[in-house]
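So you can see what is in the structure, the chains are spelled out below.
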Amino acid sequence: MSQFSVLKIENLVAGYEQRVLLRNLFLYVPAPAFLAIIGHNGCGKTTLFRALTGQIPYQGTIELGGQNLRTLRRPAASGQLAHLPQRGVVGFPIEVRELVVMGRFRHHSFLSAYRPADYVLAEAALTRVGAAHLAHRDFTELSGGEQQLVWLAQLALQDAGLYLLDEPTQQLDVYYRRRVFSLLQSWVTDHHKTVLCITHDLDNLATLPGYVLNLSRPQPRLQALSAAVVQAEREFLESEESLA
Ligand SMILES: Nc1ncnc2c1ncn2[C@@H]1O[C@H](COP(=O)(O)OP(=O)(O)OP(=O)(O)O)[C@@H](O)[C@H]1O
């Protein structure tokens, strides 16, 4: 694995008004890599993603691919970053494959229609998440878990360097949870992506290669994933001490 740091965070302080949630966070994420971000409800995991996507002000330095985030214009539009928030809402009927093909937005010009080749990619992405059978359904009529698979297919088409996923397996059953974690692994090993994944799903982390960051720790740091590390972090999160 190369030691190039796709994401470098130094002395990050972020939160809301009088409430600081991330205090003096340092983080160097190598590329490519899978990084699971864990911690109690409300400890600041989504807040970290909000800082990384420019949705909230922060103090400190964030570098994306060696460039200061404050000087980058629309990193999503240039393919540096793709973000899957916890809840994606669509307020109008739309065929699933039409939603997925929008992941190709960087590859076609404004107002031009997507090409047949884009739809081939969209259908292949749906197949990889195990949702090819949903291609012609109305997205708004799908279950929460089915919608989550569709968003993942769309995200894959964005072909970004760094992916931020906020609880992508939250509504999935045991089969699809495991399947999505192995899909994310393939983004790292086959496509050399770096994936930051907020999750409470510790059971699926123990056997994955990559790193874990526990934001409930007083001084969070990257640790290589292993069964022993996941067990230690689970015990910490289950302890009264961790809520102090
Ligand atoms: N816009 C906001 N203004 C004020 N406080 C907020 C705002 N958004 C979130 N918070 C608070 O900040 C804290 C951290 O929220 P965040 O969404 O980062 O938690 P999280 O670690 O992702 O939790 P979960 O695992 O439950 O998703 C929570 O207590 C939340 O209520």
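Predicted, not measured: the structure shown is a model, and the values here were computed from it.

**Student:** Looking at this model, I keep getting lost on the sheet that holds strand β7 (residues 162-166). Mind explaining?
**Tutor:** For sheets, the rule is that strands pair by backbone hydrogen bonds, running either parallel or antiparallel. With mixed pairing, 6 strands are arranged side by side in an open sheet as β6-β7-β8-β3-β9-β10. The open sheet is flanked by β6 (81-84) and β10 (223-224), the only strands paired with a single partner. Where strand β3 (residues 33-38) and strand β9 (residues 211-214) come together, 4 bridges link them in parallel fashion. Each bridged residue has a counterpart across the sheet, and for Ile37 the counterpart in β9 is Leu213. The sheet strands contacting helix α6 (residues 227-238) are β3, β9 and β10, and the helix crosses β9 at an angle near 15 degrees.

**Student:** Where do I start with the site of the ligand in this structure?
**Tutor:** Close to the ligand lie Tyr16, Leu21, Gly39, Asn41, Gly42, Cys43, Gly44, Lys45, Thr46 and Thr47, which account for all nearby residues. Broken down by element, the residue count for the shell around the ligand peaks at 3 residues, all from helix α1 (residues 45-52). Along the lines of polarity and charge, the residues of the shell around the ligand split into 3 nonpolar, 6 polar and 1 charged.

**Student:** Could you clarify how one ought to interpret the sheet that holds strand β5 (residues 67-68) in this entry?
**Tutor:** Ordered in space as β2-β1-β4-β5, the 4 strands form an open sheet in which the pairing is antiparallel. Only two strands of the sheet have a single partner each, and these edge strands are β2 (19-30) and β5. Along the sheet, α1 makes contact with β1 (5-16), β2 and β4 (59-64), crossing β1 at roughly 115 degrees.

**Student:** Honestly, the domain arrangement of the protein chain in this entry has me stumped. Any pointers?
**Tutor:** By convention, interface size is frequently given as the accessible area that disappears when the constituent parts associate. Domain annotation of the protein chain identifies domain 1 (1-80 + 162-169 + 196-244) and domain 2 (82-159). Its C-alpha centre places domain 1 at a distance of 26 Å from the equivalent point of domain 2. Of all the elements in the fold, those that place two or more residues in the side of domain 1 that touches domain 2 are α1 and β7. Per-element tally for the side of domain 1 that touches domain 2: the top contributor is β7, with 4 residues. Class assignment for the residues of the side of domain 1 that touches domain 2 results in 7 nonpolar, 3 polar and 2 charged.

**Student:** Can you walk me through the nonpolar core in this structure?
**Tutor:** In summary, soluble globular proteins display a tendency toward joint burial of nonpolar side chains. If you look at the biggest cluster of nonpolar residues, it comprises 67 residues, and the most contacted ones within it are Leu35, Val100, Val150, Ala153, Tyr163 and Val195. For this core, the leading source of residues is helix α4 (residues 144-157), giving 8 residues. Inspection of this core shows a minimum of three residues originating in each of domain 1 (1-80 + 162-169 + 196-244) and domain 2 (82-159). Not counting the four nearest positions on each side in its chain, Ala153 is found in contact with Val100, Ala125, Leu126, Val129 and Ala131.

**Student:** Looking at this structure, I do not really get the pairing of β7. What am I missing?
**Tutor:** Here is the key point about a regular strand: its side chains alternate between the two faces of the sheet. Counted residue by residue, β7 has 5 buried out of 5 residues, so it is predominantly covered. Every second residue of β7 is oriented toward a common face, with Leu162, Leu164 and Asp166 on one face and Tyr163 and Leu165 on the other, all of them buried. As judged from the 4 bridges shared by β6 and β7, these two strands associate in the parallel manner. Paired with Ala82 across the strands is Tyr163, a residue of β7. Across 5 bridges, the pairing between β7 and strand β8 (residues 194-198) is parallel. The residue bridging Leu162 from the neighbouring strand is Thr194, located in β8.

**Student:** I keep staring at the packing of helix α3 (residues 116-128) against α4 and nothing clicks. Help me out?
**Tutor:** How two helices sit against one another is set out by the angle between their axes and by the gap between those axes. At a minimum axis distance of 8 Å, the contact between α3 and α4 shows a crossing angle of 130 degrees. By the criterion of interaxial angle, the relationship of α3 to α4 is oblique. The hand of the α3/α4 crossing is right-handed. Every residue of α4 that contacts α3 at Leu121, Ala122, Ala125, Leu126 and Arg128 is listed here: Ala153, Ala156 and Leu157. Each residue belonging to the contact of α3 with α4 can be placed in one class, and the counts come to 7 nonpolar, no polar and 1 charged.

Rules and cut-offs
Along each chain, residue indices are assigned from 1 in the same order as the chain's sequence is written. For this predicted model, a pLDDT threshold of at least 70 governs which residues receive local features, and a threshold of 80 or more governs which side-chain atom pairs are given and counted, while totals over whole chains, interfaces and linings are taken from all residues. By the convention used here, strands pair only if DSSP detects at least 2 bridges between them. Helical segments are the DSSP runs of H or I of at least four residues, strand segments are the runs of E of at least two, and each set is numbered from the N terminus. This entry defines residue contacts through backbone-placed C-beta atoms, with two residues in contact when those atoms are within 7 Å. Lines are fitted to the C-alpha atoms to define the axes, a helix being fitted only along its stretch in contact, and any angle between axes, read from their N-to-C directions, falls within 0 to 180 degrees. All residues are tested the same way: a C-beta atom is placed from the backbone, and lying within 6 Å of a molecule or strand makes the residue near it. Any residue outside Ala, Val, Leu, Ile, Met, Phe, Trp, Tyr, Cys, Pro, Asp, Glu, Lys and Arg is labelled polar, Gly included; the first ten of those are nonpolar and the last four are charged. Boundary definitions for the domains trace back to an automatic or database domain assignment. Linking buried Ala, Val, Leu, Ile, Met, Phe, Trp, Tyr and Cys residues through C-beta atoms within 7 Å yields a set, and such a set is a nonpolar core. Burial in this document is a count-based property: other C-beta atoms within 10 Å of a residue's C-beta are tallied, and the residue is buried at 20 or more, exposed at 12 or fewer, or partly exposed in between, with C-beta positions derived from the backbone. An angle below 35 degrees is treated as roughly parallel, one above 145 as roughly antiparallel, one from 65 to 115 as roughly perpendicular, and anything else as oblique. Working rule for handedness: look at the near helix, and if it is turned counterclockwise from the far one by less than a right angle, call the crossing left-handed; if clockwise, right-handed.

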